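Spelled out, the chains give:
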Amino acid sequence: QVQVVESGGGLVQAGSSLRLSCAASGGTFSNFDMAWFRQAPGKAREFVAEIFGDKTRYAPPVKDRFTISRDNAKNTVYLQMNNLKPEDTAVYYCAVDSNTGRGYDSWGQGTQVTVSS
C-alpha cells in the first residue's frame, strides 16, 4: 500500500509562485510514475502534470508556468508553480502509479491552492 502526502498549498496573489511537495512511501519510489491533478469547485478533477522516468508531460493551461520534478533520495515529487492565476485555484492532488497495471491508483488527501486577483 502506497501512502501519499501532499504539502505546500496556500493563499497567494496572482503572479506569485508556490511549490507543492508530495511524499510517497510504501514501495520503490524511483519506480513510480508520479502526477499532479487538481479539482476546482464545481469542476471535475483534471490532469496537471506527470513525471515518468526522465520524461514529463503537462496540461496546456500550465505548460511553461509549472514544473514537475522529483528527488528519489527523498521519495518526493514537487510541483513548482510560477505566475499563478486565479483560475489555478483548486485542491491539488498527488497521485502514484506504482506500475501494477492499475494506473494512478494511490492518491493523497489534497492541498488547497487559492490564488487571489
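Everything here concerns the structure above.
Caption draft 1: Spatial organisation of the nonpolar core. Met34, Trp36, Leu79, Met81 and Tyr92 are the most contacted members of the largest nonpolar core, which has 34 residues in total. Where this core is concerned, the elements lending two or more residues are β3 (18-25), β4 (33-39), β5 (46-52), β7 (66-71), β8 (76-81), β9 (90-97) and β11 (111-116). Here this core gets five residues from one element, more than from any other, and that element is β9. Setting aside anything within four residues of it in sequence, one finds Met81 in contact with Ser16, Ser17, Leu18, Leu20, Arg65, Phe66, Tyr92 and Val113.

Caption draft 2: Main features of unusual backbone geometry. The phi torsion at Asp64 lies on the positive side, around 80°, for a residue other than glycine. Mapped onto the elements, Asp64 comes out in the loop between β6 (55-58) and β7. Notably, Asn75 is not glycine yet its phi reads approximately 55°, a positive angle. Tracing the backbone through its elements, the reader meets Asn75 in the loop between β7 and β8.

Caption draft 3: Structural detail: the packing of aromatic side chains. In the structure shown here, the tally under the stated rule is four aromatic pairs. Residues Phe37 and Trp107 carry aromatic rings whose centres are separated by 4.9 Å and whose planes lie at 55° to one another, so their mutual orientation is tilted. Taken together, the residues span a long stretch of sequence, with Phe37 in strand β4 and Trp107 in strand β10 (residues 106-107) at a distance of 70 residues. Classification of Trp107 as partly exposed rests on a relative accessible area of 33%. Three or more aromatic residues joined by ring pairs form one cluster here, namely Phe37, Phe47, Tyr104 and Trp107. For Arg45, the ring lying beneath its charged end belongs to Tyr93, and the centroid distance is 3.9 Å. Above the face of the Trp107 ring, Arg45 is positioned so that its terminal group lies 4.7 Å from the ring centre.

Caption draft 4: Looking closely at the pattern of salt bridges. Scanning all chains against the criterion turns up six salt bridges. Across the salt bridge formed by Arg65 and Asp88, the nearest N and O atoms sit 2.7 Å from each other. You can see Arg65 sitting in the loop between β6 and β7 and its partner Asp88 sitting in the loop between β8 and β9, a full 23 residues away along the chain. There is no split in this pair, since Arg65 and Asp88 are both buried. Taken together, the shared-partner salt bridges connect Arg38, Glu46, Arg65 and Asp88 into one network.

Caption draft 5: Representation of the sheet that holds strand β1 (residues 3-7) within the structure. Judged by pairing direction, the sheet is antiparallel, and its four strands sit side by side in the order β1-β3-β8-β7 without closing on themselves. The two strands at the open ends of the sheet, each matched to only one other strand, are β1 and β7. Across this sheet, the average inter-strand angle for adjacent strands is 15°, counted without regard to direction. Inspection of the sheet shows β7 paired to β8 by six bridges, in the antiparallel sense. Residue pairing for β8: Asp71 is matched across the bridge by Thr76.

About the criteria used
- The written sequence of each chain sets the order in which its residues are numbered from 1.
- Residue-level local features of this predicted model are given only where pLDDT is at least 70; pairs of side-chain atoms are given and counted only at 80 or more, and the full residue set underlies all totals for whole chains, interfaces and linings.
- Neither water nor hydrogens contribute to the side-chain values; these are computed over all heavy atoms in the structure.
- Only buried residues count toward a nonpolar core. Its members are Ala, Val, Leu, Ile, Met, Phe, Trp, Tyr and Cys residues joined through side-chain atoms within 4.5 Å.
- Under the scheme applied here, a residue whose accessible area is under 20% of the maximum for its type counts as buried, over 50% as exposed, and between as partly exposed, the area being computed with a 1.4 Å probe on protein chains only.
- Segments assigned H or I by DSSP are reported as helices when at least four residues long, segments assigned E as strands when at least two residues long, and all are numbered from the N terminus.
- Residue contacts are counted whenever heavy atoms from the two residues lie within 4.5 Å of one another.
- Geometry of aromatic contacts follows a simple scheme: Phe, Tyr and Trp rings, the Trp one being its six-membered ring, pair when their centres are within 6.5 Å, and the pair is stacked under 30 degrees between planes, edge-to-face over 60, tilted otherwise.
- Charge-over-ring contacts are defined here by two conditions on Lys NZ or Arg CZ: a distance within 6 Å of the ring centre and an angle within 35 degrees of the ring normal.
- The term salt bridge refers to a side-chain nitrogen of Lys or Arg lying within 4 Å of a carboxyl oxygen of Asp or Glu.
- When DSSP finds at least two bridges between two strands, those strands are taken to pair.
- Note on geometry: axes are lines fitted to C-alpha atoms, helical ones only across the stretch in contact, with angles between N-to-C directions running from 0 to 180 degrees.

Distances and angles like these do not, on their own, reveal function.
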